[in-house]
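In case you want the letters, here they are:
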Amino acid sequence: IQRTVIAFNRNPDVVAETLFRANGKCERCKKAAPFLRQLDNSPYLEVHHIERLADGGEDTIDNTIALCANCHREAHFGGLKLKRRK
């Protein structure tokens, strides 16, 4: 099997700023992060692009949201529709 993959360079500052903005709470359900990272005891949240990079979305803090793992899965596999920040 041969697979061709397209990867996007992501700006680590966008991830850091999005997590900072969230202040340890999921920006959708508003609940505290489910656990702390073992590495540095920071709240575990996942950064999600509202408009996918593959669809032309920008790698900016206005196009990202910090989500708990449950909300992140719902964003990818459920009916959750997120709106870009203004």
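The structure presented is a predicted model; accordingly, all values stated were derived computationally and were not measured.

(A) Layout of the nonpolar core. Of all hydrophobic cores here, the largest spans 12 residues; its members are Ala22, Cys26, Ala33, Leu45, Ile50, Ile65, Ala66, Leu67, Cys68, Cys71, Ala75 and Leu80. Taken together, the elements giving at least two residues each to this core come down to β2 (64–67) and α2 (69–77). Ranked by residues supplied to this core, first place goes to β2 with 3 residues.

(B) Structural detail: the pairing of β2. Burial along β2 is two-sided: the residues Thr64 and Ala66 and Ile65 and Leu67 are all buried. Judged from the 4 bridges that link them, strand β1 (residues 46–49) and β2 form a sheet pairing that is antiparallel. The partner of His48 across the bridge, within β2, is Ile65.

(C) Main features of the environment of Arg52. Relative to the assigned elements, Arg52 resides in the loop between β1 and β2. Each C-alpha atom of the pair Arg52 and Thr64 lies 9.6 Å from the other, and the pair is 12 residues apart in sequence. A polar contact is formed between the side chain of Arg52 and the side chain of Asp55, at a distance of 2.9 Å.

(D) A look at the confidence of the model for the protein chain. Residue-level pLDDT values for the protein chain average 93, and 97% of them are 70 or greater. For the protein chain, per-element mean pLDDT is lowest for α2, which scores 93, and highest for helix α1 (residues 12–22), which scores 98.

(E) Geometry of α1. Those residues of α1 that fall on the buried side of the exposure criterion are Val14, Thr18 and Ala22. Considered in projection along α1, the buried side chains sweep an arc of 70 degrees and stay on one side of the axis. For α1, exposure combined with an orientation more than 90 degrees from the buried face picks out Pro12, Asp13 and Phe20. Buried residues along α1 sit in contact with β1 and β2. Positioned one or two residues after α1, Asn23 has a phi angle of 55 degrees, which is positive.

Scoring rules and cut-offs
- Residues numbered from 1 in each chain as written.
- Predicted model: local features only at pLDDT ≥ 70, side-chain atom pairs only at ≥ 80, totals over all residues.
- Heavy atoms only, no water.
- Core = buried A, V, L, I, M, F, W, Y, C linked by side-chain atoms within 4.5 Å.
- Buried < 20%, exposed > 50% of the residue type's maximum accessible area, 1.4 Å probe, protein only.
- Helix = DSSP H or I, 4+ residues; strand = E, 2+ residues; numbered from the N terminus.
- Pairing = 2+ DSSP bridges.
- Polar contact = N/O pair within 3.5 Å; in protein donor to acceptor, adjacent residues only side chain to side chain.
- pLDDT = per-residue confidence, 0-100.
- Arc of directions from axis to C-beta.
- Contact = heavy atoms within 4.5 Å.

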